[in-house]
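Chain and residue survey
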Amino acid sequence: MDREHRTHHGEQPDASATRHEASPAEHTHHHHPMPPHGVAHTGHVGEHAEHERAPHAEHAEHAMHSPEVFRRRFWTSLILSIPVILYAETVQSVLGYRAPEFPGSTWISPLLSAVVFVYGGSVFLQGAVDELRARMPGMMTLVGLAISVAFAYSLATTLGLPGEPFYWELVTLIDVMLLGHWLEMRAVGRARGALTELAKLLPSTAERVVDGRTEEVPVSQLRLGDLVLVRPGAKVPADGVVESGESEVNEAMVTGESRPVAKRPGDRVIGGTVNGNGSLRVRVTHLGEESFLGEVMRIVEQAQQSRTRMQRLADRVAFWLVLVALSVGAISFVAWLVTTGSLTEAVARAVTVMVIACPHALGLAIPLVIAISTALSAQRGILVRDRTAFERARLVTTVVFDKTGTLTRGELGVTDVAVEQAWDEREAIRLAASIEAESEHHIARAIRRLAEERRLDLLPAVKVEALPGRGIQAEVDGRRALVGGPQLLSELKLALPALLAGSVRRWGEEGKSIVYLIADGGVAAAFALADQIRPESYEAVRQLKHLGVRVAMLTGDSEDVARWVARELGIDEHFAQVLPAEKAEVVKKLQGRGESVAMVGDGINDAPALVTADVGIAIGAGTDVAIESADIVLVRNDPRDVVSVLALSRTSYRKMVQNLLWATGYNAVAIPLAAGVLAPVGVVLAPAVGALLMSLSTIIVAINALLLRRGAIVAG
């Protein structure tokens, strides 16, 4: 039960909860050198923003271009390619038409192909140069080599070299590769604004108290030891200690705690949290990197920087394909030149090898599967922000759920009701809800929601009176009744009936909060309240176990609460009273056992754990920072979508492997044929035939990827 309810209804929090709630600021501050007078978060984040704008090493093959660059160049190149394709002799012959001829029409293909080569192909050429400088030839090198050879040979034939130009093959190659890389970069593109979102939690201004009066100042001007006024509903501007006033503070956005935490003089408050109904005067104790949010920001940044570069399977295949294509092309050129003495035939053989080895299929083998699987995911409300993490999801052996807002609703609800022998349960609920009809406290809303679920009509209540720190009383249908916690029972000197005592004792062991309905001079009913478990959570845990995945849970709540939720859901392992800065440590602990960990959470305190995990999954209802820090975002509040992520990842990976095997297998057969290995028996592939085989391999890869729509296993 949240602290507001504990005080309003006279219930006292248990000691374990008090220890946990009082400690975050004490246990999460690691002191770092600071400039004089402290540092505001805004400056801190500005430094990170500069760092985040730097190009990421793992995407160097894209020559620092954004998805927008590939998109714009793809559409422009595609439009320019249409006339080239229409005037291609091979296309006209296959489709049985003749393109209109006019003075200069023979230069349409060379000129437009040159524009496409320079405009659309430049990103690949620059990428190839970068790879060769780094001595890491890969996909870009092969693409750059293919389009350069095709363009040079085609231009040579236009200028008089005997042979057939490859203009239409050239432009379609560039178009397809631009499309593939556009899709790829959209899947890879990942917003890295987590640190900025953390800083946004802090208000821009604060009310500083000076000589008994208040002045509004920017948060960046606050100094250690300043006294600030936090009005009802306002955000706490900095970490500090309450000097005067009492209130309840919502810490859910920074600690994940679902219950407002009572604050009194001497209690610590965290910058960025939201004050409740009371006014507080807070003495600033930590700023900048030393603050709670600063610590979380530091952990997020370290976790992001610690990620190692993933060497993609497609790049490794492309690396060897580059070497094979270069070697076979060179050998073919020399062999044909020596044996036939014909430069034209030698060039034709070498060019055919290069064209047939062009990575149309290889270039789309992974991006196309990613594009389709991403679309399938989006239909399920699953947004993939990091495709490499999505690929790793197939290897996950343990899924760790943060309890509040993920497995549970993150709101107080009535979980159990017990009534005295003379009372009907529905009447007890109706009476309690009628008394709480006008209250906006969480307990009141929970009891009213229960009455709505039972479709009970409320009765008018009169003489309603709040009993501060104890509960509320009213007259309903001529009967005086009260709703409150244990303190109210003590004040009225009422003993708990034996019929209710057993249930109340069990609920207490489960960490639930309890309020009582008092009527007719005695205790009529008892209500147990707790953060409600989502109905979907039961199915999610069952399905994950069916996939052979272990399920763990971590929470900042007490051991009693954690044990109850874990037992209810059948969770394999749970971690209770985990502070925000410790959640990433729990993930590391599991990884230390050899587990591949997926972390599922929705609070800002989850951000370090999300980026530390092998796969970070954020529930869509969570905060922006959790979403920004996650590899995968679940738009719906349905933990069963985690099962969908793992299942679709496994299916997608199988398709990727199949496509890569086909693309490489095709080249293993086609390259020797293009080189003329069967020439002694009269089988020689013309460059145009090589281009057709290359296109056919691409179509096969595309069809196999499209079959993912029928074969994907989507849970839930």
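The structure displayed is predicted, hence computed values, not measured ones.

**Notes on the overall build of the protein**
Summing up its helical and strand segments, the protein has 31 helices and 22 strands in all. The buried share among the 716 residues of the protein stands at 55%. Considering only contacts in the protein between residues 6 or more positions apart, those separated by 24 or more positions represent 71%. For the protein, the computed accessible surface area is about 29500 Å², with 57% contributed by carbon and sulfur atoms.

**Concerning a nonpolar patch on the surface**
Judged by side-chain polarity, W662, L696, I699, I700, I703 and L707 come together as a nonpolar surface patch covering roughly 510 Å² of accessible area. Ranked by residue count, the leading element in the nonpolar patch is helix 30 (residues 687-706), at four residues. Mapping L696 onto the fold places it in helix 30.

**Concerning the sheet that holds strand 6 (residues 261-263)**
Neighbouring strands of a sheet are bound in pairs by backbone hydrogen bonds; such pairs are parallel or else antiparallel. Within the open sheet, the three strands sit side by side as 6-5-8. Their pairing is antiparallel. Each having just a single partner strand, strand 6 and strand 8 (274-275) make up the two edges of the open sheet.

**With respect to the packing of aromatic side chains**
This model, assessed by the stated rule, comprises three aromatic pairs. For the pair F117 and F151, a centre-to-centre distance of 4.4 Å together with 10° between the ring planes defines the contact as stacked. Within this pair, whereas F117 is found in helix 7 (residues 108-119), its partner F151 is found in helix 9 (residues 139-158), the two being separated by 34 residues in sequence. Owing to a relative accessible area of 12%, F117 belongs among the buried residues under this scheme. Accessibility expressed as a relative area gives 14% for F151, which makes it buried. Between the NZ or CZ atom of R73 and the centre of the ring of Y119, over which it lies, the distance is 5.1 Å. Here the guanidinium or amino end of R394 rests over the ring plane of Y653, the centre of that ring lying 3.4 Å away.

**Points about the packing of helix 20 (residues 425-435) against helix 21 (residues 442-453)**
Remark: helix 20 packs on helix 21, axes separated minimally by 9 Å, with the N-to-C direction vectors making an angle of 135°. As the angle between them shows, helix 20 and helix 21 are arranged oblique. Crossing of helix 20 against helix 21: the hand is left-handed. Across from I429, A432 and A433 in helix 20, the residues of helix 21 making contact are I447, R448, L450 and A451.

**Notes on the packing of helix 5 (residues 67-86) against helix 7**
At a closest axis distance of 9 Å, the pairing of helix 5 and helix 7 adopts a crossing angle of 165°. One element, helix 5, and the other, helix 7, form an angle in the roughly antiparallel class. Crossing handedness for the pair helix 5 and helix 7: left-handed. Contacts between helix 5 and helix 7 pair R72, R73, T76, S77, L80, S81, P83 and V84 from the former with I108, S109, L112, S113, V115, V116 and Y119 from the latter. Split by residue class, the contact of helix 5 with helix 7 holds eight nonpolar, five polar and two charged.

**Looking at the confidence of the model for the protein**
In the predicted model, the protein carries a mean pLDDT of 78, and the fraction of residues at 70 or more is 77%. Every residue in residues 10-64 is under pLDDT 50, and counting partners more than four places away or in other chains gives 111 contacts. Here residues 302-311 is modelled with pLDDT under 50, and outside its nearest four sequence neighbours on either side it reaches 21 contacts, counting other chains as well.

Cut-offs and rules
- Residues numbered from 1 in each chain as written.
- Predicted model: local features only at pLDDT ≥ 70, side-chain atom pairs only at ≥ 80, totals over all residues.
- Heavy atoms only, no water.
- Helix = DSSP H or I, 4+ residues; strand = E, 2+ residues; numbered from the N terminus.
- Buried < 20%, exposed > 50% of the residue type's maximum accessible area, 1.4 Å probe, protein only.
- Contact = heavy atoms within 4.5 Å.
- Areas by Shrake-Rupley, 256 points an atom, 1.4 Å probe, with all protein chains shown as cover.
- Patch = residues over 30% accessible without salt bridge, like charges linked within 9 Å, V, L, I, M, F, W, Y side chains within 5 Å.
- Salt bridge = Lys/Arg side-chain N within 4 Å of Asp/Glu carboxyl O.
- Pairing = 2+ DSSP bridges.
- Phe/Tyr/Trp six-rings, centres within 6.5 Å; stacked < 30°, edge-to-face > 60°.
- Lys NZ or Arg CZ within 6 Å of the ring centre and 35° of its normal.
- Axes fitted to C-alpha atoms, helices over the stretch in contact; angles between N-to-C directions.
- Parallel < 35°, antiparallel > 145°, perpendicular 65-115°, else oblique.
- Left-handed = near helix turned anticlockwise from the far one by under 90°.
- Nonpolar A, V, L, I, M, F, W, Y, C, P; charged D, E, K, R; others polar.
- pLDDT = per-residue confidence, 0-100.

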